[in-house]
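Chain and residue survey
Here's the letter readout for the chains.
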Amino acid sequence: MNKFDILKKYFGYSQFREGQETLIDAVLSGRDALGIMPTGAGKSLCYQVPALLLPGITIVISPLISLMKDQVQTLNQAGIHAAYINSSLTENQIAKALQLAAKGTYKIIYAAPERLETYVFLEFAKQAEISMLTVDEAHCISQWGQDFRPSYLKIVRFLQQLERRPIVSAFTATATEHVREDIVCVLGLRQPELLITGFDRGNLYFAVETPKQKDRFVLDYIKAHPAESGIIYCSTRKNVDALFEKMQDLAIPSAKYHAGMGQEERRQSQEDFVYDRCPVMTATNAFGMGIDKSNVRYVIHYNMPQSLENYYQEAGRAGRDGETAECILLYSPQDVMINQFLLESKEQNPEFTEEELAAIREKDTERLRIMNYYCLSANCLRAYILNYFGEQSRGDCQNCGNCRKEFEETDVTAQAEKIISCVREMRGRYGINVAAGTLAGADRAKLREYGMTSYSSYGSLAELGEQRIKQIINQMLMEGYLTVTPDKYALLRLTGKSDEIAQGMGKVVVREVKGGLSSLPEKPAS
Ligand code: ADP
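These lines cover the structure that appears in this document, whether it is placed above or below. Since the model is a prediction, treat every value here as computed from it, not as a measurement.

Where helix H5 (residues 91-102) contacts helix H6 (residues 119-127), the two axes come as close as 10 Å, and the packing angle between them is 5 degrees. It follows from the interaxial angle that H5 and H6 lie roughly parallel. Seen from H5, the contacting residues are Ile 94, Ala 95, Leu 98, Ala 101 and Ala 102; seen from H6, they are Val 120, Phe 121, Phe 124 and Gln 127. Considering only residue class, the contact of H5 with H6 consists of eight nonpolar, one polar and no charged.

Put into structure tokens, the structure is as follows:
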């Protein structure tokens, strides 16, 4: 049998989806593989098909007991011998399953990472022929991931104890560069076939708007899209309640959802939305998990979310049916502050040490910054998202707010050079506001107190004004000519790329909507 026979016989499909074959072929030729695909893309098949073609057993590490049960059940129904070993079984049941496994009864064995360290499991694994070890939800191994699980590190120790290293394949839907690098590095993947695919949702239109009155924008939008189903995401319960009330006043049939509501009330609300009794849902991010409503025509974010991962997941609830849908983010610079506050007051797992907590906070801040840059970017929004998730994109999707606008470009490299001189003089002690004030030569007590007035860069960009200077600094941050410390102070620092400007190797360009106001909001974020 070959891979096509297996696909047909056990899974009932006649074609592979994008990317599946590449990963399957790599594994079958003995290579390690890392597959990064969004949820629903069909990752399981990428290890299940080769598992049936490889001579020995495939062990699949999975973090969720419920997921393992489902998978094994489905496989068994398809006539594939598979089993799971986790804490839902008694010691006796585990011993029995491993006995059968040792006899070669199963081709695929699912196990929780904790299991790998136990004596019985290790003894079994040392004696059995293990062809492949597959790590599902592989982002759990990375401290950069949102669901870091220390128990995933046991996989590495487990592998080291096997006499013969099996092929290692790993799968995840989280694809940021840091996570990707961590997976390869921590798991010790050897020249893996790396495949990132399927993140693009071509039917979704992306836009960032900066309306003066967000309520007005939302209500007008709903009125202009009558009878369409949509979700309005707000960052706080208070915002949800207030917006919901306004909709009630205007007799817009809407539902609301947040964690402050009772269980029954939430269930009712969700049902009203899913069954189209209330086409509009106003909610916090507590809403949406596991909800399968295919005809959502728009998702509006009343506030900027805390990360691009969150944004894409929430916005991605639009247009599941493949028809066109809109994802609009209403940006205001205060959202950065509110989110920073929310992150700082977030309840943390008490098991983490102070050091680990600091690292998590740093990463949260970094994710928030990347989200903020999305809102400030004047380039293709789809490309921004896809690049963040590691997928290549041409950058001219023609189906996002920025691609549809006409921009004017201004070369500001000369100004960028002066900004770099100022940042150098500040020696990492100040943020964007002080820098802009200094360069503009602002007459402020604070600047005098800090001694900025004696800087050679003081007033060196006086002709521009602070807003414009901040705009250029933001552009430089986005392009990596400058960076900021990963804390709430966001102190400006030079980068390895900063010198390129003075050496004539770099170029900074700002893009602005033609004939209109700057695409950047009044008050750039810190
Ligand atoms: P993921 O793990 O990436 O979230 P799954 O492996 O659960 O996704 O697959 C999602 C769905 O797609 C499943 O119902 C699966 O049977 C289906 N699927 C996978 N590969 C194919 C294929 N080649 N053709 C048709 N359907 C497929």
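Across the sheet, which stays open at both edges, the six strands sit in the order E8-E13-E12-E9-E11-E10 with parallel pairing between neighbours. Of all the strands in the sheet, the pair left with one neighbour each is strand E8 (204-209) and strand E10 (254-257). For this sheet, the mean angle separating the axes of adjacent strands, direction not counted, is 15 degrees. Sheet topology note: the E10/strand E11 (residues 280-283) ladder contains four bridges and is parallel.

Moving on, we come to the sheet that holds strand E7 (residues 193-196). Pairing within the open sheet is parallel, and its seven strands lie in the order E3-E4-E2-E5-E6-E1-E7. The open sheet is flanked by strand E3 (82-85) and E7, the only strands paired with a single partner. Between one strand axis and the next, the sheet turns by 15 degrees as a mean value, whatever way the strands run. Sheet analysis places strand E1 (residues 33-36) next to strand E6 (residues 167-172), joined by four bridges and oriented parallel. By the bridge assignment for E6, Gly 35 is matched with Phe 171.

What follows concerns the site of the ligand. The full set close to the ligand counts 13 residues, and Tyr 13, Thr 39, Gly 42, Lys 43 and Ser 44 are the nearest of them. Here the shell around the ligand gets three residues from one element, more than from any other, and that element is helix H3 (residues 43-53). Within the shell around the ligand, the residues separate by chemical class into five nonpolar, six polar and two charged.

Within the span of H6, buried status applies to Phe 121, Phe 124 and Ala 125. Down the axis of H6, the sector holding all buried residues measures 95 degrees, keeping them to one side. More than 90 degrees from the buried face of H6, the exposed residues found are Tyr 119, Glu 123, Lys 126 and Gln 127.

Thresholds applied
- Residues numbered from 1 in each chain as written.
- Predicted model: local features only at pLDDT ≥ 70, side-chain atom pairs only at ≥ 80, totals over all residues.
- Axes fitted to C-alpha atoms, helices over the stretch in contact; angles between N-to-C directions.
- Helix = DSSP H or I, 4+ residues; strand = E, 2+ residues; numbered from the N terminus.
- Parallel < 35°, antiparallel > 145°, perpendicular 65-115°, else oblique.
- Contact = placed C-beta atoms within 7 Å.
- Nonpolar A, V, L, I, M, F, W, Y, C, P; charged D, E, K, R; others polar.
- Pairing = 2+ DSSP bridges.
- Near = placed C-beta within 6 Å.
- Buried ≥ 20, exposed ≤ 12 C-beta atoms within 10 Å, placed from the backbone.
- Arc of directions from axis to C-beta.

Any functional reading would require information beyond the geometric quantities listed.
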